[in-house]
Amino acid sequence: MIFDIPPPGKDLSDAPVVHPPRRVPFLGVAPLTVSKQYQEMMDELAQAGPPPDWPAIFKKLPKDDDDNIDWITALAENVIKPSSEIDPKEPQTNKVIDLDVTLATSGKPERVVVFSHQSHGNWLSCSNCHPAIFEKDAGSAKITMDAIDDGKYCGVCHDKVAIAPDGCKGCHKVKSKEKSKKS
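A. Representation of unusual backbone geometry in the model. Here the bond from histidine 130 into proline 131 is cis, since omega is 0 degrees, no more than 30 degrees from zero. Counting through the fold element by element, proline 131 comes out in the loop between helix H4 (117–121) and helix H5 (145–149). In this model, asparagine 78 sits at a positive phi of 60 degrees, which is unusual for a non-glycine residue. Tracing the backbone shows asparagine 78 in the loop between helix H3 (71–76) and strand E1 (100–103). Positive phi outside glycine occurs at tyrosine 153, with the angle close to 50 degrees. Residue classification places tyrosine 153 among the partly exposed residues on the basis of a relative accessible area of 22%.

This is the structure:
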C-alpha cells in the first residue's frame, strides 16, 4: 500500500504510522556444534604450537646452481634427518646399502640410468620400494619414461615428493663415445 488509510470513523491523521517488520529481525549467530573428533584434532593442533615458517626454513637449506634446494647436500651435511619409513608407526631402520645398479635404456645404450641405493636408502628403508614398487630380481620390470610419467616405478616419488638433481642428468648418466666404444 502506498497510503495508510484509517478505518472508517477513525481520524488518525496526526498519529505516526507503525508498520510491522518486513523480515524477521536478526537475533545473532545460531550456535554451532562440532564433532568430538574435530574438537580433539583442533585441541591437538593448538597444543603443537604455531606452524613452522617453511619459507624461512627453505631459505636456510643448501641450493644447487639453479637455486633449487639441494636435498642430497642437505642430507650429507646433516641439515635434515628424514624418517626412513613412510608410515610413522613403523620402526625406523635406516639401513643403507652402498650399491649402484646400472639400468640399460632401450635403444640408447649411451644413456644409461645409474640407480644409487645409497642415496635413496638415506631417505627411505628398502621396504618402501621392495617389493611393492620394484621386485628385487634384476630385469623383472620394464621401466620406461612413459611408465614413470604415469606415476609408476620411479614416478611414484619423483616429480611428486622428490626431484632428480640436474633434471634428466640426475638419473641418465651420458657416457662419452670413447667409453661406449671400449665397453
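Once the structure has been displayed, the description carries forward.
B. How the structure looks around the environment of valine 112. In this structure, valine 112 sits in strand E2 (residues 111–116). Take valine 112: its relative accessible area is 8%, and that puts it in the buried class. In this structure, the C-alpha to C-alpha distance between valine 112 and histidine 172, residues 60 residues apart in sequence, is 5.5 Å.

C. Region of the structure containing helix H1 (residues 36–48). For H1, with 13 residues, the first-to-last C-alpha span of 18 Å sits near the 18 Å given by 1.5 Å per residue. H1 sits mainly on the outside: zero of its 13 residues count as buried. Once H1 ends, the next one or two residues include glycine 49, with phi positive near 90 degrees.

D. Layout of the side chain of histidine 117. Note on placement: histidine 117 falls in helix H4. Judged by relative accessible area, histidine 117 falls into the buried class, the value being 19%. Residues within four places of histidine 117 in sequence aside, it is in contact with Ile97, Leu99, Asp100, Val101 and His130.

E. Expanded view of the side chain of serine 116. Positionally, serine 116 belongs in strand E2. In contact with serine 116, other than residues within four places in its own chain, are Leu99 and Asp100.

F. The arrangement of the nonpolar core in detail. Ranked by size, the top nonpolar core spans five residues in total: Leu61, Ile69, Ala74, Leu75 and Ile80. In this structure leucine 75 touches Ile80, Pro82, Asn122 and Trp123, once residues within four positions along its chain are discounted.

G. Region of the structure containing the confidence of the model for the protein chain. Confidence in the prediction of the protein chain, expressed as mean pLDDT, is 76, and 75% of residues score 70 or more. In this model, residues 178–183 is a region of pLDDT below 50 whose contacts with residues beyond four sequence positions or in other chains number three contacts.

H. Highlighting a negative patch on the surface. Together, Asp146, Asp149, Asp150 and Asp159 make up a negatively charged patch on the protein surface. Residue position: aspartate 159 is located in the loop between H5 and strand E3 (172–174). By relative accessible area, which is 67% here, aspartate 159 ends up exposed.

The rules behind these values
Counting from 1, residues in each chain are numbered in the order their sequence is written. pLDDT decides what is reported in this predicted model: residues at 70 or higher carry local features, side-chain atom pairs at 80 or more are listed and counted, and totals for whole chains, interfaces and linings draw on all residues regardless. To get the side-chain values, take all heavy atoms of the structure and skip hydrogens and water. In this text, helices come from DSSP runs of H or I with a minimum length of four residues, and strands from runs of E with a minimum of two, each type numbered from the N-terminal end. Remark: exposure states derive from per-residue accessible area (1.4 Å probe, protein chains only) relative to the maximum for the residue type, with buried under 20%, exposed over 50%, and partly exposed in between. To estimate the expected span of a helix, count its residues, drop one, and scale the result by 1.5 Å. Note on contacts: a residue pair is in contact if any heavy atoms of the two residues lie within 4.5 Å. Nonpolar cores were defined as sets of buried Ala, Val, Leu, Ile, Met, Phe, Trp, Tyr and Cys residues, with membership established by side-chain atoms within 4.5 Å. Every residue is assigned a pLDDT by the predictor, reflecting its confidence on a scale from 0 to 100. Patches here are clusters of residues that have more than 30% relative accessible area and form no salt bridge, with a 9 Å joining cutoff for like charges and a 5 Å cutoff for nonpolar side chains (Val, Leu, Ile, Met, Phe, Trp, Tyr). For the area figures, the Shrake-Rupley method with a 1.4 Å probe applies, and any residue is considered shielded solely by the protein chains shown. We define a salt bridge as a contact between a side-chain nitrogen of Lys or Arg and a carboxyl oxygen of Asp or Glu at a distance within 4 Å. Within this scheme the basic residues Lys and Arg register as positive and the acidic residues Asp and Glu register as negative, but His and the chain ends are omitted. In plain terms, the charge of a residue is placed at NZ if it is Lys, CZ if Arg, CG if Asp and CD if Glu.

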